[in-house]
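# An overview of the molecular structure
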There are 2 protein chains.
Amino acid sequence: MRCRHSGPLPPLSAPSAAPSFAPLYLQIKALLEKSLEAREWRPGEPIPSEIELASRYQVSQGTVRKAIDALAADNLVVRRQGKGTFVATHTEERTSLPRFLRIRRNEGGDVAPVSRLLDVRRAKAAADVARLLGLKPGDPVLVLKRVLDYAGAPVVLDEITLPAALFRGLTKARYDAYRGSMYGFFESQFGVRMLKAQERIRAVAADAATAEVLGTEVGAPLLAVDRVTLTYGDRPVEVRRGLCVTHGYHYLNDLY
Amino acid sequence: MRCRHSGPLPPLSAPSAAPSFAPLYLQIKALLEKSLEAREWRPGEPIPSEIELASRYQVSQGTVRKAIDALAADNLVVRRQGKGTFVATHTEERTSLPRFLRIRRNEGGDVAPVSRLLDVRRAKAAADVARLLGLKPGDPVLVLKRVLDYAGAPVVLDEITLPAALFRGLTKARYDAYRGSMYGFFESQFGVRMLKAQERIRAVAADAATAEVLGTEVGAPLLAVDRVTLTYGDRPVEVRRGLCVTHGYHYLNDLY
DNA sequence: CAGTGGTCTAGACCACATC
DNA sequence: ATGTGGTCTAGACCACTGG
């Protein structure tokens, strides 16, 4: 169908987003990623069928398949046999647990926690947050405070910092009106998709304000979870610190 | 080459370890897993080439490839282009960081910590440990205490519980004579391969004994990391509790 | 029924490693 | 030169979904 691998071929006809000498399926993957980022298909919607994509990019279905497999492995896309391949979304997480939530009850019976937004305020980015978010110190940010209640009891206190430029019009009222996970809110209301994150976990002693909110004693040991969340192109779009009571709860992690 | 998918075919000629109606490549994968478990090829050694396996199992090379891809995704095997596919091993971890070690320095420059074994003693499994290890309460276990020194300073205090039956002849002297990671030691000396693990993380206050070893104050917040480690067939073979100073260090986790 | 993703095959060729 | 894994194709058929 195409003359291939006779030299590191000019990747397809159009200039590609991928390194020019990458395998074809990775070039296709990069093109699809660009389309996802450009919201050519929206979260929850199906992308075109493998056959259609194969003809669009003038490659075999098997190559498209490998590209989509790679996207699925990255959780950018979800395959559903007989139905199609769908853009991954955070907006369907009301039924199950949010994908990035690692806090569990010690005794089984996992129920999704309830999120209570305490406060939204504007601020200027401090040096450390600015660096993490790729902003300049003093750039405007939004700072959200929220509590996660498990079975009615407060377990996590989050302080979430967002670049104000990406979340224009975010107010407490608007969040309270939304039904679903916070990342579903970000995705559907502001078009910001959280794709992956890195967390650094430490143990700290509760200060007075935190102890008050979480109903613990001052000085009680808490988990401090510092998260940086990335969107397309590994651009950081959220910095968050969670303080977590681990009396009856824990942070779950799988190694393999 | 073979009549395939005309009914849920009798899986290959020999009875398979896999559910009989699984896709062929998963049946092949299960067979390969059985061979790995049976130590037909040893850690670090190459498994037979795709072509040879294809002829051995009477399937196409592409099917063997999918099976091996799945094994590689599970970290049971490592592919090396031009050389072959090798049984994954913990014994080459002296150069880099042990695969299951998530504790990092806050400031870059990751150096592998030094492991100091404090103590090995025999004991009878308590009820909770017995349950986690699939033993009966009172069954013999080994309990190891060890410290991880980062740059000369103690950071992690581990208490490691092992089924005595699987680690006959484990002594402090023998460990001290071994060069390499602890899992490399288990793998090469006792033939026990740690394949995956699940960790539950909590924040606790340092007790006197721990504070002494880690050089912190009594009551200082520590990370408590409870790990259950599994070998083939998801059989648990290690239970471990790590207590970790997070002053200058943290537990790193990637979400995606 | 038609359309989708999932499996399997067979064969060609490429890239890398080793001798 | 040979052998390994890696990529790509083309086509057949299966399994699931929905009209």
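These lines cover the structure that appears in this document, whether it is placed above or below. These numbers were taken from a predicted model, which means no experiment stands behind them.

### A short note on the environment of B:Pro163
Residue and element names in this part refer to chain B. Among the structural elements, Pro163 can be located in strand β6 (residues 153-163). In this structure, the C-alpha to C-alpha distance between Pro163 and Ile47, residues 116 residues apart in sequence, is 29 Å. Ignoring sequence-local partners within four residues, the contact set of Pro163 consists of Leu133, Leu135, Pro140, Val141 and Val237.

### Here we look at the pairing of β6(B)
Residue and element names in this part refer to chain B. Along β6, eight of the 11 residues are buried, which leaves the element largely enclosed by surrounding structure. Looking at chain direction, strand β5 (residues 140-150) and β6 are connected through 10 bridges and run antiparallel. Directly across from Val143, in β6, lies its bridge partner Thr161. For β6 and strand β9 (residues 235-245), the ladder comprises six bridges, and the chain directions are antiparallel. Note that in β9 the partner of Leu157 across the bridge is Leu243.

### As for the sheet that holds strand β3 (residues 103-105) of chain A
Pairing in this open sheet of eight strands is antiparallel, and the strands run β3(A)-β10(A)-β7(B)-β8(B)-β9(B)-β6(B)-β5(B)-β4(B) from one edge to the other. This sheet does not close on itself; its edge strands, each paired only once, are β3 of chain A together with β4 (114-124) of chain B. The sheet shows a mean angle of 25° between the axes of neighbouring strands, taken without regard to direction. With 10 bridges connecting them, strand β7 (residues 196-205) of chain B and strand β8 (residues 221-231) of chain B associate as antiparallel partners. Within the sheet, the bridge partner assigned to B:Ala205 lies in β8(B) and is B:Pro221. Docked against the sheet, helix α6 (residues 182-190) of chain B engages β5, β6, β8 and β9 of chain B, running at close to 160° with respect to β9(B).

Cut-offs and rules
Residues numbered from 1 in each chain as written. Chains lettered and ligands numbered in written order. Predicted model: local features only at pLDDT ≥ 70, side-chain atom pairs only at ≥ 80, totals over all residues. Heavy atoms only, no water. Helix = DSSP H or I, 4+ residues; strand = E, 2+ residues; numbered from the N terminus. Contact = heavy atoms within 4.5 Å. Buried < 20%, exposed > 50% of the residue type's maximum accessible area, 1.4 Å probe, protein only. Pairing = 2+ DSSP bridges. Axes fitted to C-alpha atoms, helices over the stretch in contact; angles between N-to-C directions.

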